[in-house]
Amino acid sequence: MKNKGYIIVFVGLLCLLMGACTQYKGRIGDLFGSWVLREMTIDGASADALQYENTYWSFQNSIIHVVREEPGLHVYGAYGSFVHTGDELMFDFAIDDIFYVPEWLGFPADGKVTLNIAKLDSHWLEAVYIAPDGKNYHYKFEKTW
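Everything in this summary refers to the structure shown in the same document.

Focus: the environment of aspartate 30
By the secondary structure assignment, aspartate 30 is in the loop between α1 (2-19) and β1 (33-42). In the structure, aspartate 30 is positioned 94 residues away from tryptophan 124 in sequence and 9.1 Å away in space, judged by C-alpha atoms.

Describing the side chain of glutamate 126
Here glutamate 126 lies in strand β8 (residues 124-130). At 4.7 Å, lysine 140 is the nearest oppositely charged side chain to glutamate 126, a buried residue that forms no salt bridge. With near-sequence residues (within four places) excluded, glutamate 126 lies in contact with Asn116, Ile117, Ala118, Lys119, His138, Tyr139 and Lys140.

Notes on the pattern of salt bridges
Counted by the stated rule, this structure contains four salt bridges. Lysine 140 is paired through a salt bridge with glutamate 39; the nearest N and O atoms lie 3.9 Å apart. Of this pair, lysine 140 sits in strand β9 (residues 136-143) while glutamate 39 sits in strand β1, and the two are 101 residues apart along the sequence. For the salt bridge of lysine 112 with aspartate 92, the shortest nitrogen-to-oxygen distance reads 3.1 Å. Pair noted here: lysine 112 is in strand β7 (residues 112-120) and aspartate 92 is in strand β6 (residues 88-92), with a separation of 20 residues, a long-range link. Residue lysine 112 is classed as partly exposed on the basis of its relative accessible area of 47%.

Digging into the environment of glutamate 142
Of note, glutamate 142 is situated in strand β9. We classify glutamate 142 as partly exposed; its relative accessible area is 32%. Distance in space between the C-alpha atoms of glutamate 142 and leucine 37 is 6.5 Å, their sequence separation being 105 residues. Those residues within four positions of glutamate 142 in sequence are excluded, and the remaining contacts are Ser34, Trp35, Val36, Arg38, His123 and Trp124. There is a polar contact of 2.9 Å between the side chain of glutamate 142 and the side chain of arginine 38.

Digging into the pairing of strand β5 (residues 74-85)
The pairing of strand β4 (residues 63-70) with β5 spans eight bridges and is antiparallel. Bridge pairing in β5 links histidine 65 to tyrosine 79. Pairing geometry for β5 and β6, over five bridges, is antiparallel. Of the residues in β6, the one forming a bridge with threonine 85 is glutamate 88. Hairpin connection of β5 to β6: two residues between the antiparallel strands, including glycine 86 at a positive phi of 60°.

Procedures and definitions
Residues numbered from 1 in each chain as written. Predicted model: local features only at pLDDT ≥ 70, side-chain atom pairs only at ≥ 80, totals over all residues. Heavy atoms only, no water. Helix = DSSP H or I, 4+ residues; strand = E, 2+ residues; numbered from the N terminus. Buried < 20%, exposed > 50% of the residue type's maximum accessible area, 1.4 Å probe, protein only. Lys, Arg positive; Asp, Glu negative; His and termini not counted. Salt bridge = Lys/Arg side-chain N within 4 Å of Asp/Glu carboxyl O. Contact = heavy atoms within 4.5 Å. Polar contact = N/O pair within 3.5 Å; in protein donor to acceptor, adjacent residues only side chain to side chain. Pairing = 2+ DSSP bridges.

So, in structure tokens, the structure goes:
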């Protein structure tokens with residue numbers, strides 16, 4: 001009888017663990033996970049490394065989190081929503097009254113950005129953003145997880 005109690009508890013815990021599983025890649029395919037910016041060019045010229053160094057993009061569901069780490073434990077972060085359609089990736093960082101836009105990436109202050117995806121697979125993301133002033137930003141990311 002005592003073993004029956006253990007079996008019931010074991011089966012109950014197993015059901016809880018199975019219910020905690022999420023869908024593989026969060027329904028967003030290869031974008032899912034965290035990416036580190038390896039290179040950024042502006043109009044074909046390499047950008048100042050301090051401008052983009054230690055920048056990470058993380059995608060989950062329909063949310064993007066952009067983080068920039070600087071020496072001295074200074075961290076800047078921005079949350080926004082995103083839509084991925086074909087070769088377009090649209091960000092909206094103006095999701096509430098108080099928002100922060102990662103302007104070090106050349107993004108406009110209104111927080112709305114549309115990028116063209118040049119390459120996307122499970123390890124590499126290349127995107128191009130043409131700013132309102134005509135500058136051409138090219139980003140190259142490597143997947144961290």
